[in-house]
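# Structural characterization, general
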Amino acid sequence: MAAEILETTRRYGRTVAQISPDWIMPLAEHLLKHQYVDPFWSDKNESVMALRNTTLYGLPIQSRQRVTYATVDPDLSRKIFIDQGLIEGRIRTDFDFLTHNQLLMEDVANLANKTRQRQFVVDTYVLSRFYSARLPPEATDCRALKSLLKK
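Residues numbered from 1 in each chain as written. Predicted model: local features only at pLDDT ≥ 70, side-chain atom pairs only at ≥ 80, totals over all residues. Heavy atoms only, no water.

With that settled, the discussion passes to the pairing of strand E5 (residues 59–68). Judged from the seven bridges that link them, strand E4 (residues 47–56) and E5 form a sheet pairing that is antiparallel. For Leu56, the partnering residue across the bridge sits in E5 and is Leu59. The loop that links E4 with its antiparallel partner E5 comprises two residues; one of these, Tyr57, has a positive phi angle of about 55 degrees. (Pairing = 2+ DSSP bridges. Helix = DSSP H or I, 4+ residues; strand = E, 2+ residues; numbered from the N terminus.)

Take a look at the structure:
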């Protein structure tokens with residue numbers, strides 16, 4: 001933060017002080033711009049996370065802060081949850097329906113190997129459509145899915 005800016009052939013700041021993001025965040029929330037990049041599935045949190053870059057008039061305040069992405073873009077968060085969490089099996093939480101579906105898919109794969117007919121094996125696109133049609137829009141991570149299943 002500079003109290004005075006002097007412009008010659010170069011730009012100089014006089015009376016310069018260091019600023020802390022902890023001071024700016026609560027006071028200038030209405031002036032901050034947030035940019036969310038690289039949404040990804042977090043195995044640790046069992047939810048979709050993204051990296052948030054925060055700027056104040058173009059000045060970087062915080063960069064690459066991990067935040068939950070479901071509040072920013074719930075549709076994309078739900079898609080990533082279904083594709084990477086449910087279909088790829090990267091969640092640690094046991095859901096009865098998921099265990100049942102995985103056992104059925106293993107049985108079908110074993111049957112396809114025995115008969116050498118691959119027509120009954122389900123690909124990831126079909127599974128994604130299956131879960132998208134049956135899960136409610138609020139199911140964006142494991143915690144939300146648990147609470148929805150309890151209801």
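Turning next to the side chain of Ser42. Among the structural elements, Ser42 can be located in strand E3 (residues 32–42). Classification of Ser42 by relative accessible area gives buried; the value is 4%. (Buried < 20%, exposed > 50% of the residue type's maximum accessible area, 1.4 Å probe, protein only.)

This model, assessed by the stated rule, comprises five salt bridges. A salt bridge links Glu7 to Arg11, with the shortest nitrogen-to-oxygen separation between them at 3.6 Å. Judged by relative accessible area, Arg11 falls into the exposed class, the value being 62%. Between Asp83 and Lys79 there is a salt bridge; the shortest N-O distance is 2.8 Å. Here the residue Asp83 and the residue Lys79 both occupy positions in helix H2 (residues 74–87), the gap between them amounting to four residues, near one helical turn. Ionic contacts of the salt-bridge type, sharing partners, join the residues Asp43, Glu88 and Arg90 into one network. (Salt bridge = Lys/Arg side-chain N within 4 Å of Asp/Glu carboxyl O.)

Looking now at the nonpolar core. Across soluble globular proteins, nonpolar side chains have a tendency to be buried as a group. Within the largest apolar cluster, 18 residues are counted, with the highest numbers of intra-cluster contacts made by Trp41, Phe81, Ile82, Leu86, Ile91, Tyr131 and Leu135. Going through the elements one at a time, E4, H2, helix H4 (124–134) and helix H5 (142–150) are the ones with two or more residues in this core. For this core, the leading source of residues is H2, giving five residues. The residues touching Phe81, leaving out its near neighbours within four places in the chain, are Trp41, Val48, Leu86, Ala139, Thr140, Asp141, Cys142 and Leu145. Counting six residues, the second largest nonpolar core, distinct from the first, contains Ile24, Met25, Ala28 and Ile61. (Core = buried A, V, L, I, M, F, W, Y, C linked by side-chain atoms within 4.5 Å. Contact = heavy atoms within 4.5 Å.)

Here the focus is the pairing of E3. Walk down a regular strand and you will see the side chains alternate between the two sheet faces. Where E3 meets E4, nine bridges bridge the pair, whose relative direction is antiparallel. Counted as the bridge partner of Val37 is Leu51 from E4. Between the end of E3 and the start of E4, which pair antiparallel, lie four residues, with Glu46 showing a positive phi angle near 55 degrees.

With their axes 14 Å apart at the nearest point, helix H3 (residues 96–115) and H4 run at an angle of 150 degrees to one another. Between H3 and H4, the angle is such that the two are roughly antiparallel. The two elements H3 and H4 meet at a crossing, and its hand is right-handed. Judged by residue contacts, Phe97, Leu98, Asn101 and Met105 of H3 engage Leu127, Phe130 and Tyr131 from H4. Looking at the contact of H3 with H4, its residues break down into six nonpolar, one polar and no charged. (Axes fitted to C-alpha atoms, helices over the stretch in contact; angles between N-to-C directions. Parallel < 35°, antiparallel > 145°, perpendicular 65-115°, else oblique. Left-handed = near helix turned anticlockwise from the far one by under 90°. Nonpolar A, V, L, I, M, F, W, Y, C, P; charged D, E, K, R; others polar.)

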